[in-house]
2 protein chains.
Amino acid sequence: MVNEQVGYFEANYVNFLSELLDFLRIQSVSTDPERKQDVRQAADFLANKLVSIGIEHVEIFPTKRHPIVYGDYLHAGLAQPTILVYGHYDVQPEDPINLWNTKPFEPEIIGDNLYARGASDMKGQVYACLAAIQSFLKVSDLPINVKFIFEGEEEIGSPNLVDFLIAHTGLLKSDCALNPDAGMTGKDKPTITYGLRGLSYFELRIFGPDRDLHSGSYGGIVHNPAQVLAELISKMHDSEGRVTLPGFYDLVLPLTAQERDSIGRYSISDYDYCKSIGVPSLWGEKSFTATERIGARPTLEINGILSGFVGQGSKTIIPSKAMAKISTRLVPDQKPELVYGQLLEFIRSNIPSTVRFELEQLSTGSPSISDITIPETKAMAEALKFVWGVEPIYKREGGSVPVVADMQEILGIDSVLTGFGLPDDRVHSPNEKLDLPTWRRGTIALIHFIENLKRS
Amino acid sequence: MVNEQVGYFEANYVNFLSELLDFLRIQSVSTDPERKQDVRQAADFLANKLVSIGIEHVEIFPTKRHPIVYGDYLHAGLAQPTILVYGHYDVQPEDPINLWNTKPFEPEIIGDNLYARGASDMKGQVYACLAAIQSFLKVSDLPINVKFIFEGEEEIGSPNLVDFLIAHTGLLKSDCALNPDAGMTGKDKPTITYGLRGLSYFELRIFGPDRDLHSGSYGGIVHNPAQVLAELISKMHDSEGRVTLPGFYDLVLPLTAQERDSIGRYSISDYDYCKSIGVPSLWGEKSFTATERIGARPTLEINGILSGFVGQGSKTIIPSKAMAKISTRLVPDQKPELVYGQLLEFIRSNIPSTVRFELEQLSTGSPSISDITIPETKAMAEALKFVWGVEPIYKREGGSVPVVADMQEILGIDSVLTGFGLPDDRVHSPNEKLDLPTWRRGTIALIHFIENLKRS
């Protein structure tokens, strides 16, 4: 049993928490070129932490943009499994900053909640893993072998991770990955995520006149780029809420009756969804439930639009250009790299001859389904059940964790995908928070997970 | 004859120009609350200039926002006409600032062109009037009576001008207005504008979820506000390029055969329009020529759109809201105040129940047609012909100068609407400029205009 390790964690809970706060103060926003140094600082912070808890082999690998932190501790011998702990230390941008009630990079604990950008996604999750492993190393020793890979580019689509995996298959050789970047379906619902959506992210630019024009002097003869963009976007879904890109659904795996049952176990009612996000009514593909649409169906989203004058008051212009950020969420067996061609074909067959356009692919990530019968998943299921007293939920998640599919393809290993964030953590939104009691339980579950992995 | 006055202007040309540069250095951007003091400074500049050239009665009338500068000089006696000189001293915002080749508020003369925000629209035009009148006052005396009204809110829709006109009908009593806020159709084509489009300007806001959402966790169940906005905008025109707001065309006066002929005199070919604004092809109502569509047909324009994440890189969110700036250009006898109701009805009958919306009217202005048989218009026509050696063009202009209609209704006077800006002056755009040789000719034409008004 692991009473000593859990005891160590409990006794040092406040220290772990204050270290996490230091981690959260680092503004590691990977999209922002001006904060490259902050991202680097977060990598150094992690590397130093690994060294301080006794991980002898720690390296920081530079990439074209943000570095990858590697570490390993291999003293349990060949008879014991090797687990590759994955995490990312970068965070989403904090904007819109004015909607935060606290400062995004000045963590505040209010009641059970820790408020900060990255608290839930995913610095808090990374820290739970480090706390669990430290609790073994300080009390006795680790019963298994561990390797660490922490990247700083997850929020920008991990542009350099695949190359790194390919270049270091030997170094990264493991039996399974532990990835705590997925959340729980509820406070009392420990969850193992076995299905993930992929992603293809684009920027579409429409070019009209060579300058902003006076809408009085030219209104009536120019096809307004903002209008053209709107006309294109309005055609990207049909009246049934289906995406209209040619071939978009060709590779989508149909939902089995058994899967629809298991999704039903953690389904949320339309009423509860409406309440939790504050909309009058939901929207989407008619023939699927909301939870099915999120977890097991592909979507196309407009992430942002900008054109012309958007300041205070009125400016009577015809904009010279318009831009939209467009992303698609993909499910097995869709191929992210095919969506660019589908969107391009859609635009070519729908765009008028009155404008020019550019389509840029900003990032891609593969969808995945993991084998839930492997011993590592069983070890996690037992640990979660021990701590929460209930069977974990097996979930298909709407979010994208492309590294899971990449590790399957390149390293040949499955991932145990879990995590201790909650649905109302507001990840990617203002006022992101982490539920501390859940985080504490999660860390204890990770201690049990490691123990459960030990082969007798 | 006016040889002496013209001689005085020519002799002092450089001084007039350097005063105009000082005027252009004032950042009188009326939309920007942070530059309220700059706008005030431009009003003071004009008032001081009026005093310095000998206008005894000069007053600055405060309004709810930016002041109105009034002045009069009434020494020609009752037998002579009284002309009300109208102008505005505010300018359009300079953004997008990065597209300027010079600094918008640091005027530069390059060859024949004076580059600065407001050089053509319309500080340069205001200064031409002042230079012409000064040339009379310094040489001998004015043969007519003049009054001045200069406002600082034209670029934000003159929200306080109508109230001022109503409150000061006695003070402003005149025979006719001189309004140099309309341009020429070409360098060798002096122009009198007799028809103007009106304006109704709106901001439409669409509200979806109560916060930006993670597009993975929620993609597939939320009607994206950016998508809803796009769907609405895409329905605001039909396949013929007609505006679909209910009742929008009900009050539009049909174009007479005679008008189509006179518009034909200054029509620009589609090819030349495409070249001058850099678009592959034009767009608009099928059954009218480009010049007819601009001058004599109403339009609806998207002036700007903003929603979600528009920074560098990718952020995977569903935006909580979307905003569009939408303006309509109106022709006689459309009523600007009716368009709000038409747009509201359009939105109500087209918006889905998945979102909420707000529609705000930011400004309105009436369209107008002026009587071109009045003596003041004849006096201007003769002056323009004398200086350029050709008959002026009588034009219906696409832009909006609502004050013309307001003065018709409230003061009962027509306006002689002309000006010395050129089609390629890039008003409301980066790199706005003024053609100095044309400005010089225009000022001389104004001297002749004043002389021609004298009743023998």
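In every chain, residue numbers begin from 1 and rise along the written sequence. Following the order in which they are written, the chains are lettered starting with A and the ligands numbered starting with 1. Residue-level local features of this predicted model are given only where pLDDT is at least 70; pairs of side-chain atoms are given and counted only at 80 or more, and the full residue set underlies all totals for whole chains, interfaces and linings. To obtain the side-chain values, all non-hydrogen atoms of the structure were used and water was disregarded.

Describing the domain arrangement of chain A
Residue and element names in this part refer to chain A.
And then number 1: Looking at the assigned domains, one finds that chain A contains domain 1 (3-196 + 367-453) and domain 2 (199-252 + 298-365).
And then number 2: Domain delimitation in this document rests on an assignment produced automatically or drawn from a domain database. Taking only C-alpha atoms into account, the centre of domain 1 sits 35 Å from that of domain 2.
And then number 3: Of the residues lining the interface, 11 residues belong to domain 1; the matching set on domain 2 comes to 10 residues.
And then number 4: The buried area of a pairing is the accessible area, by a 1.4 Å probe, that goes missing from both parts when the two are put together, added over both. Counting the surface lost from both domain 1 and domain 2, the interface buries some 670 Å², and carbon and sulfur atoms represent 59% of this.
And then number 5: In the side of domain 1 that touches domain 2, the residues fall into five nonpolar, five polar and one charged. Contacts are assigned to residue pairs that have any heavy atoms within 4.5 Å of one another. When residues are grouped by polarity, Ala, Val, Leu, Ile, Met, Phe, Trp, Tyr, Cys and Pro land in nonpolar, Asp, Glu, Lys and Arg in charged, and all others, Gly among them, in polar.

Here's the deal with the relation of the copies chain A and chain B
And then number 1: When chain A is fitted to chain B, the residual RMSD is 0.1 Å, and the transformation amounts to a turn of 180° plus an axial shift of 0.0 Å. The superposition operator between the copies reduces to a two-fold rotation axis. When C-alpha distances to the rotation axis are compared across chain A, the minimum falls at A230 of chain A, with a value of 2.1 Å. Only residues with pLDDT of at least 70 in both copies contribute their C-alpha atoms to the least-squares superposition of the copies.

So, the sheet that holds strand β18 (residues 433-435) of chain A
Residues and elements named next belong to chain A.
And then number 1: For two strands to pair, DSSP has to find at least two bridges joining them. By the criteria applied, helices consist of DSSP H or I runs no shorter than four residues and strands consist of E runs no shorter than two, each listed in order from the N terminus. If you walk across this open sheet you meet the three strands as β4-β5-β18, and the pairing is antiparallel. Strands at the two margins of the open sheet, each flanked by one partner only, are β4 (108-110) and β18. Between one strand axis and the next, the sheet turns by 25° as a mean value, whatever way the strands run.
And then number 2: With three bridges connecting them, strand β5 (residues 113-115) and β18 associate as antiparallel partners. Bridged to N113 within β18 is D435.
And then number 3: Each axis is a line fitted through C-alpha atoms, and for a helix only the stretch in contact is used; angles between axes span 0 to 180 degrees, taken between their N-to-C directions. Relative to β18, helix α4 (residues 119-139) is tilted by about 50°, and along the sheet it contacts β5 and β18.
And then number 4: Contacts between helix α14 (residues 436-453) and the sheet are confined to β4, β5 and β18, with β18 contributing the most and set at about 60° to the helix.

Digging into the interface of chain A and chain B
Interface size is commonly expressed as the accessible area that is lost once the parts come together.
And then number 1: In this assembly, 86 residues from chain A lie in contact with 86 residues from chain B.
And then number 2: Overall, the association of chain A and chain B removes approximately 7,500 Å² of surface from exposure, summing both partners, and the carbon and sulfur fraction of that is 53%.
And then number 3: What counts as a salt bridge is simple: a side-chain nitrogen of Lys or Arg found within 4 Å of a carboxyl oxygen of Asp or Glu. At the boundary of chain A and chain B, one finds zero salt bridges.
And then number 4: Residues adjacent in sequence count toward polar contacts only when both atoms are side-chain atoms; beyond that, a polar contact is any pair of N or O atoms within 3.5 Å, and within protein one must be able to donate a hydrogen and the other to accept it. At the boundary of chain A with chain B, the tally comes to 43 residue pairs in polar contact (both at pLDDT 80 or more).
And then number 5: At nine residues, strand β11 (residues 299-308) of chain A tops the list of elements feeding residues into the side of chain A that touches chain B.
And then number 6: When grouped by side-chain class, the residues that make up the side of chain A that touches chain B number 35 nonpolar, 36 polar and 15 charged.
And then number 7: Looking at chain direction, β11 of chain A and strand β11 (residues 299-308) of chain B are connected through five bridges and run antiparallel. Bridge pairing in β11 of chain B places L306 of chain A opposite L306 of chain B.

As for the pairing of strand β9 (residues 198-207) of chain B
In the case of a regular strand, side chains alternate between the two sheet surfaces.
Residues and elements named next belong to chain B.
And then number 1: Counted residue by residue, β9 has 10 buried out of 10 residues, so it is predominantly covered.
And then number 2: Burial classes: relative accessible area under 20% of the type maximum marks a residue as buried, over 50% as exposed, and values in between as partly exposed (1.4 Å probe, protein chains only). The alternating pattern of β9 places G198, S200, F202, L204 and I206 on one face and L199, Y201, E203, R205 and F207 on the opposite face, and all of these are buried.
And then number 3: Summarising the sheet, β9 and strand β13 (residues 321-330) pair through 10 bridges and their orientation is antiparallel. Bridge assignment links Y201 to a residue of β13, and that residue is S327.
And then number 4: Pairing geometry for β9 and strand β14 (residues 356-365), over nine bridges, is antiparallel.

Quick look at the packing of helix α13 (residues 375-388) of chain B against helix α15 (residues 436-453) of chain B
Residues and elements named next belong to chain B.
And then number 1: Direction vectors running N to C along α13 and α15 enclose 135°, while the axes themselves pass 8 Å from each other. Taken as axis vectors, α13 and α15 run oblique relative to one another. When you trace α13 past α15, the crossing you get is right-handed. Contact with α13, carried on its side by E376, A379, M380, E382, A383, L384, F386, V387 and W388, involves T438, R441, G442, I444, A445, L446, H448, F449, N452 and L453 of α15 and no other residues of that element.
And then number 2: The residue makeup of the contact of α13 with α15, split by class, is 12 nonpolar, four polar and three charged. If an angle is under 35 degrees, it is roughly parallel; if it is over 145, roughly antiparallel; if it lies from 65 to 115, roughly perpendicular; otherwise it is oblique. Should the near helix be turned anticlockwise from the far one by less than a right angle, the crossing is left-handed, and should it be turned clockwise, the crossing is right-handed.

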